[in-house]
Amino acid sequence: MDGPMRQRLEACLVDGTKADRALAAYILARPETIPFETAATLAEKVEVSEATVGRFCRSIGYDNLKDLKQQLGQEFGDRPWLIADRLRDFQAQAREAENPLGRSLELEIAGLVAVYEIAQSPEFRRVVQRLTTARRVFVCGFQTERAMAQMFAYQLQYLRDGVQLLDLEGGHFAELFATDVENTALVLFEARRYSRLARVVAREATAIGVPVTLVTDAFCDWGRGLVSELLAVPTEFNLFWDSTAQMASLVNLFMNAVSIEIGPAVEARMTKVSELYARFTGHTGDPSGPKS
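Conventions used here
- Residues numbered from 1 in each chain as written.
- Predicted model: local features only at pLDDT ≥ 70, side-chain atom pairs only at ≥ 80, totals over all residues.
- Heavy atoms only, no water.
- Buried < 20%, exposed > 50% of the residue type's maximum accessible area, 1.4 Å probe, protein only.
- Helix = DSSP H or I, 4+ residues; strand = E, 2+ residues; numbered from the N terminus.
- Pairing = 2+ DSSP bridges.
- Right-handed = clockwise from strand over helix to strand, strands pointing away.
- Contact = heavy atoms within 4.5 Å.
- Phe/Tyr/Trp six-rings, centres within 6.5 Å; stacked < 30°, edge-to-face > 60°.
- Salt bridge = Lys/Arg side-chain N within 4 Å of Asp/Glu carboxyl O.
- Axes fitted to C-alpha atoms, helices over the stretch in contact; angles between N-to-C directions.
- Parallel < 35°, antiparallel > 145°, perpendicular 65-115°, else oblique.
- Polar contact = N/O pair within 3.5 Å; in protein donor to acceptor, adjacent residues only side chain to side chain.
- Expected span 1.5 Å × (residues − 1).
- Arc of directions from axis to C-beta.

## Notes on the pairing of strand β4 (residues 212-216)
Then comes step 1: With five of five residues buried, β4 is to be regarded as a mostly interior element.
Then comes step 2: Side chains of β4 alternate between two faces, with V212, L214 and T216 and T213 and V215 buried alike.
Then comes step 3: In this structure, strand β3 (residues 184-189) lies alongside β4, joined through four bridges in parallel fashion. The partner of F189 across the bridge, within β4, is V215.
Then comes step 4: The β-α-β motif built from β3, the intervening helix α11 (residues 196-207) and the parallel element β4 has right-handed crossover chirality.
Then comes step 5: Where β4 and strand β5 (residues 229-232) come together, four bridges link them in parallel fashion. Note on β5: the bridge partner recorded for V215 is L231.

What follows is the structure, encoded as C-alpha cells:
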C-alpha cells in the first residue's frame, strides 16, 4: 500500500486517539486482510467498538469502512490483493533484476511447507502427546539456537506448568540429571556448527531414560539413533546466515497442537498467567497494573 491512504494512516499514528492509533496500526500491518473484514470483525480484533470503527473511517476522510476498503483496493490495484498474484509479481521482478531474494523467497516457502509436513508426522504427534502429559519438560538450546529454546520454553510455560530451561551457565545440568527423571522429557534445539554439549546432553539424557526431541537442521549426522525424535527443519535460504525462521514456525505449531491437546484448561492457565503479569509487571494501557 502506497498512496494517500497510507499517509492518512501514518498521520493518525501521530495525532489520533488511542483507538484510532490502534486501528491505523492494524490496517497498516495487515492491509491484505481488510477486504475480508466487517466493522464488527475489525472492532473485535482491535478491541474497540463497532461505532469507533465508523468514527475512525470518517476521521481520516472516508464515509465508512466500505468506502475505506474501496479506496484501499484502488491503491493496491485490481488483483494484487491476492497473495498469489503478489508473490508472482515479486518473483518476476526479482528474476528480471537478477535479485537473489526471489530465490530466497522460493526456498523459504518450500521450507514452510516442509515444516507443516513435519507437523503431520507421527513423530510430531508423539512429541505433542509427551509435552502435554509429561510431569516435567526441560528445554535447552546452544549457540544462536538458545533463542529458539527460550521461545519454546516461555510459550509452553503459558500453557502448562513444570517447564524449565536448562541452565547453560552452571555447566552441570543438575536440574535435570540430579533429580527424579520419571515422566520427564527433554527438547533440544541445535543447528550446525553443532555444539559438543548438545550431543553430550542428548546422550546422557537418553542413558537415564529421558526421551529427547532434537529440533535441528537437515545436516545433523549425529542425532539419529541417539534421540527419540529428530525433527529436521530447513535452514538454508540463500542468505548470508542460515535461518532459524522455520524453527520458530515449528515452535508455533507445537504450541497450537499442545493447546488443543490440553483442552479447556489452557484458557484458565493463560488467564491466570496474564493476571499475574498484570499484578507484578503490568500491560501497556492497563490501569489495573502496579502503580510503582
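Once you've had a look at it, read on.
## Notes on the environment of E50
Then comes step 1: On the secondary structure map, E50 appears in helix α4 (residues 50-59).
Then comes step 2: By relative accessible area, which is 49% here, E50 ends up partly exposed.
Then comes step 3: When the C-alpha atoms of E50 and T38 are compared, they prove to be 9.2 Å apart, with 12 residues separating the residues in sequence.
Then comes step 4: With residues near it in sequence (within four places) discarded, E50 still touches A39, A40 and A43.

## Some thoughts on the packing of aromatic side chains
Then comes step 1: Tallied over the entire structure, the rule returns four aromatic pairs.
Then comes step 2: For the ring pair F152 and F254, a centre distance of 5.9 Å and an interplane angle of 80 degrees mean the geometry is edge-to-face. Highlighted residues: F152 in helix α9 (residues 146-159) and F254 in helix α12 (residues 245-262), separated in sequence by 102 residues.
Then comes step 3: Given a relative accessible area of 1%, F152 falls into the buried group.
Then comes step 4: Taking relative accessible area as the criterion, F254 reaches 3% and is therefore assigned buried.
Then comes step 5: An aromatic cluster is present here, built from F124, F152, F189 and F254 joined pairwise through their rings.

## A closer look at the pattern of salt bridges
Then comes step 1: This structure, assessed with the given rule, holds eight salt bridges.
Then comes step 2: Measuring nitrogen to oxygen at the nearest pair gives 4.0 Å for the salt bridge that ties E204 to R203.
Then comes step 3: E204 gets classed as partly exposed once you look at its relative accessible area, which sits at 38%.
Then comes step 4: For R203, a relative accessible area of 41% gives the class partly exposed.
Then comes step 5: Each of R126, R130 and E229 takes part in one network of salt bridges that share partners.

## Brief notes about the packing of α9 against helix α13 (residues 265-280)
Then comes step 1: Where α9 meets α13, the closest approach of the two axes is 7 Å, and the angle between their N-to-C directions is 110 degrees. One way to sum up the angle between α9 and α13 is to call them roughly perpendicular. Along its contact with α9, which presents Q157, Y158 and L159, the element α13 presents V266, R269, M270 and V273.

## A short note on the side chain of T216
Then comes step 1: Position of T216 among the secondary structure elements: in strand β4.
Then comes step 2: A distance of 2.8 Å separates a polar side-chain atom of T216 from the backbone oxygen of E190.
Then comes step 3: Aside from chain neighbours lying at most four places away, what touches T216 is E190, A191, Y194, L230, L231, A232, V233 and M247.

## Concerning the side chain of T52
Then comes step 1: Here T52 shows up in helix α4.
Then comes step 2: Excluding its chain neighbours within four sequence positions, the residues that come into contact with T52 are A19 and L23.

## With respect to α9
Then comes step 1: For α9, built from 14 residues, the straight-helix expectation of 20 Å at 1.5 Å per residue is met to within 8% by its first-to-last C-alpha distance of 20 Å.
Then comes step 2: Where α9 is concerned, the buried positions are M148, A149, F152, A153, L156 and L159. Angular distribution of buried residues about the axis of α9 spans 125 degrees; they occupy a single face of the element.
Then comes step 3: Buried residues along α9 sit in contact with α8 (122-133), β1 (136-141), β2 (163-165), β3, α12 and α13.

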